[in-house]
Amino acid sequence: MKTAQRTNEGELIRRILAGETELFHELIRPYERLVYVTIFAILKNETEAEDGAQETMISAFRHLGSFRGDAKFSTWLVTIAMNEARKRLRKGKVAAEDSLDATLEDHDGGDYTPTVLTDWREIPLEALEKKELREKLREAVMNLSEKYREVFVLRDIEELNQEETAAALGINVTLVKVRLHRARMMLQKALVPYLKSEATPRSGFFRRWFA
Amino acid sequence: MKLDCKHVWEHISGYLDHELDPALLEAVEKHLESCEVCSAVLDSTRNVLVLTADDRTYELPVGYSERLHERLSAAIRGETGPRHQ
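Residues numbered from 1 in each chain as written. Chains lettered and ligands numbered in written order. Predicted model: local features only at pLDDT ≥ 70, side-chain atom pairs only at ≥ 80, totals over all residues.

Trainee: Looking at this structure, I do not really get the domain arrangement of chain A. What am I missing?
Mentor: By convention, interface size is frequently given as the accessible area that disappears when the constituent parts associate. Residues and elements named next belong to chain A. When the domains of chain A are assigned, the result is domain 1 (2-90) and domain 2 (102-210). Listed as interface residues are 13 residues of domain 1 and, on the opposing side, 15 residues of domain 2. Sorting the residues of the side of domain 1 that touches domain 2 by element identifies α3 (32-43) and α5 (73-90) as the ones contributing at least two each. Residues belonging to the side of domain 1 that touches domain 2 are distributed by class as follows: eight nonpolar, three polar and two charged. (Domains from an automatic or database assignment. Contact = placed C-beta atoms within 7 Å. Helix = DSSP H or I, 4+ residues; strand = E, 2+ residues; numbered from the N terminus. Nonpolar A, V, L, I, M, F, W, Y, C, P; charged D, E, K, R; others polar.)

Trainee: Even after reading the chapter, I still don't get unusual backbone geometry, so can you show me in this structure?
Mentor: Among all residues save glycine, negative phi is the norm, and among peptide bonds the norm is trans. Positive phi values are uncommon outside glycine, yet A:E159 reaches one of about 60°. Relative to the elements of secondary structure, A:E159 occurs in the loop between α8 (146-157) and α9 (162-169). Positioned with a positive phi, B:H18 is a non-glycine residue whose angle comes to about 55°. Residue position: B:H18 is located in the loop between α2 (12-16) and α3 (22-34). B:H18 gets classed as exposed once you count the C-beta atoms within 10 Å, which come to 7. (Buried ≥ 20, exposed ≤ 12 C-beta atoms within 10 Å, placed from the backbone.)

Structure below.
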């Protein structure tokens, strides 16, 4: 299927470049969500994200001739979206980039401690239904420093693989893994308190644990 | 290979992505079997990812697609076509 989609995309791109420009609508339709969510998760501002998504698609149209078939079209598009989001961050139109962990080195992987809540496990499915929790997650993602947020957005929101993420961000795969791990652990830490009240201890567990 | 909790936490992400080599995977799983604390950390991290992948966490604004294609149409009409490079 993937190969078929890619061939089809290649053909679409060829025809668009040959003058059938209206086909561009069809080309980008599968990626509308990808582009918007990528930018929104970075900026957490709906208006900016929508405008940025439109600019991304227009830019993709204008530069389609520079797309090389050896990369995936989606990865190429995400790279443009990411640059658009970065540009808007720099302009300071949205929340200033600042985070306590911004100065942490990338290769010191294990110097944080996840929040350990032993009563967390039992109710997650119910808790995950809560709308408030989704807002907390969006906030927590927004509070990650930029380098962690970018990797998290591409890997865990957009579900790009390690190589695609590395290509889109212009970093190596090892760095993708390190940053992803840190991002996930910081989010775990940020979200656990909001799940605490939702959770109930597993019967017998606390007796065993605290006996 | 015997791991303490702190070492297991370093591999949570790799574990969730099925990236640990067999020996390390076995050591991590062995630790998880007997350690409620690490199991809870693993579960909570996994749940963060479940929540992240939930389409309701990041929703598209109403009318987004229509506005996007409208603006694209205008851009496409205004151009002679994509630039060949």
